[in-house]
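Each chain, written out:
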Amino acid sequence: MTDRQLIDKAFEAKKHSYSPYSNFAVGAALLAESGKVYLGTNVENSSFGATICAERSAICSAVSSGERKFLKIAVVSGDELCPPCGICLQVLSEFCDENFVVLQLDKGEIKSF
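An account of the accompanying structure is given in this report. Worth saying up front: this structure is predicted, and the values here are computed from it rather than measured. (Residues numbered from 1 in each chain as written. Predicted model: local features only at pLDDT ≥ 70, side-chain atom pairs only at ≥ 80, totals over all residues. Heavy atoms only, no water.)

For Asn-23, which is not glycine, the phi dihedral falls at a positive 55°. Residue position: Asn-23 is located in the loop between helix H1 (3–14) and strand S1 (27–32). Positive phi outside glycine occurs at Lys-107, with the angle close to 55°. (Helix = DSSP H or I, 4+ residues; strand = E, 2+ residues; numbered from the N terminus.)

Here it is, written out as structure tokens:
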């Protein structure tokens, strides 16, 4: 799977965002070592602390399906950087090694971190 394809999958996931409070929809596409891609989107709640980010949504879907090793994740909101929050980075670090890549868009250009 190319980086562009993973970014496109993240945009597909973004369409399912539930973000009535912030109006800030986010999508994520997580590539597992198995080659499968798991999608996630942010799901807000009126109790802000109960909100789940797109990245954690994707990783929960993957882990619930039996995956434990991941290669990269694409996270998008629009055409600008939308980096994972600290909680998402912590959850990702539980399953990802030092070679794990986070893909983002920056003014239309794919950046990897």
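Attention now goes to a nonpolar patch on the surface. Among the surface-exposed residues, Tyr-18, Tyr-21 and Val-43 lie close enough to one another that they form a single nonpolar patch of about 310 Å² accessible area. For Tyr-21, the position within the fold is in the loop between H1 and S1. By relative accessible area, Tyr-21 is classed as exposed at 51%. (Patch = residues over 30% accessible without salt bridge, like charges linked within 9 Å, V, L, I, M, F, W, Y side chains within 5 Å. Areas by Shrake-Rupley, 256 points an atom, 1.4 Å probe, with all protein chains shown as cover. Salt bridge = Lys/Arg side-chain N within 4 Å of Asp/Glu carboxyl O. Buried < 20%, exposed > 50% of the residue type's maximum accessible area, 1.4 Å probe, protein only.)

Here we take up helix H2 (residues 54–64). Given 3.6 residues per helical turn, the α-helix brings residues three or four places apart onto the same face. Within the sequence span of H2, burial applies to Ala-54, Glu-55, Arg-56, Ser-57, Ala-58, Ile-59 and Ala-62. Close packing links the buried residues of H2 with S1, strand S2 (37–41), strand S3 (70–76) and helix H3 (86–93). (Contact = heavy atoms within 4.5 Å.)

For the coordinates displayed, the defined rule picks out 0 disulfides. Unpaired in terms of disulfides, Cys-82 finds its nearest cysteine sulfur in Cys-53, a separation of 8.8 Å. Counting only cysteine sulfurs, Cys-85 is the nearest neighbor of Cys-88, a cysteine outside any disulfide, at a range of 3.7 Å. (Disulfide = S-S within 2.5 Å.)

Geometry only, nothing functional implied.
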